[in-house]
Amino acid sequence: MASPMRSLLSNPARYVQTFRVFLANSTEHQSMQEFMERQLPAVIASIGNEKPAINILSVGGGAGEIDLLILSKVQARYPGVTINNDVIEPSAEQILKYKERVAETSNLENVKFTWHEETAYEYESRMNAEKTTKKWDFIHMIQMLYYVKDIPATIWYFHSLLETQGKLLIIVVSETSGWEALWRKYSSSFPLQDFCTYISSVDIKRILDSAGLKYQVHELPSRLDITSCFIEGNKDGELLLDFLTECCEFSKNAPPELKHQVMEELRKPGCSEKRDGKVLFNNNLSAIVIEP
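Residues numbered from 1 in each chain as written. Predicted model: local features only at pLDDT ≥ 70, side-chain atom pairs only at ≥ 80, totals over all residues. Heavy atoms only, no water.

## Notes on the pattern of salt bridges
Step number 1: According to the stated counting rule, one finds 22 salt bridges in the structure shown.
Step number 2: Two residues, Glu93 and Arg20, come together in a salt bridge whose shortest N-O distance is 3.2 Å. Residue Glu93 is located in helix H5 (residues 92-104), and its partner Arg20 is located in helix H1 (residues 12-25); the two are separated by 73 residues in the primary sequence.
Step number 3: We classify Arg20 as partly exposed; its relative accessible area is 41%.
Step number 4: Residues Lys185 and Glu265 are paired through a salt bridge, measuring 3.0 Å at the closest nitrogen-oxygen approach. Pair noted here: Lys185 is in helix H8 (residues 178-186) and Glu265 is in helix H12 (residues 256-267), with a separation of 80 residues, a long-range link.
Step number 5: Under the relative-accessibility criterion, Lys185 is labelled partly exposed at 45%.
Step number 6: Using a relative accessible area of 6% as the deciding quantity, one classes Glu265 as buried.
Step number 7: Each of Glu180, Arg184, Asp203 and Arg206 takes part in one network of salt bridges that share partners. (Salt bridge = Lys/Arg side-chain N within 4 Å of Asp/Glu carboxyl O. Helix = DSSP H or I, 4+ residues; strand = E, 2+ residues; numbered from the N terminus. Buried < 20%, exposed > 50% of the residue type's maximum accessible area, 1.4 Å probe, protein only.)

## Some details on the nonpolar core
Step number 1: Among the nonpolar cores identified, the biggest contains 92 residues, and Met36, Ile139, Leu145, Phe158, Ile170 and Ile204 are the most heavily contacted of them.
Step number 2: If you tally residues by element for this core, the top one is strand S5 (residues 162-173), at seven residues.
Step number 3: Beyond its immediate chain neighbours, meaning those up to four positions away, Ile204 contacts Leu145, Ile151, Ile155, Ile170, Val172, Ile199 and Ile288. (Core = buried A, V, L, I, M, F, W, Y, C linked by side-chain atoms within 4.5 Å. Contact = heavy atoms within 4.5 Å.)

In short, shape yes, function no, at least from these values alone.
Here it is, written out as structure tokens:
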């Protein structure tokens, strides 16, 4: 009998629900914020030199929390300069939240926002059809490369759109993270279909090395509290398990043996550590800054 397991990405509403629980229980955004505060100013130090306007492309901008932080750093470096901020985001719900966030944020008078409700691939196809090549001073792809079909081609395409002083920022899970241990072992058992590809920083570095591109890697330590995953029937725990496995209702639909193995794996030192009675999953990220 076919497994009733299906990809979490086949249910966009549930995906957004799981993502919210993930953010609430992880230090993901805090660790990204720390990177934006400490390292980003050096990354963007020359992207807008002597330019009347700075063009930024956000690929998979989500609900805009990190985008607005990036914009604040660009504004601080280039006060008063016009910023054209284009956002590629396939989820209408996320775009709506992004627009609400912009409406509630002050000091954005010099930023022009354009939202494109489409995937990275759809954007590329549309640009090619329109024979348009717009160049960008800063492109960022944060936690989104798992959801494109051809990762090398996507990186190469967006890299080709950089201005001579531009930078491409990619953030993905680190090869030192628990994701690496869990997914290398079990992704073949998860119903990813065409929705999701497991990658970590090691894969991105391999792609960049083979293309001869210059880049720097910054490690961003992060933790995810998965204690609730081990409490039978806990709603947040079930949503986190969905997010970790990219399976819709994993607890209910996974074969018992697979569920048992995954739960055991999540407790292992390669994935998590026990601290103060909590199980903390290693959610380390890598920020990879690529030169033109």
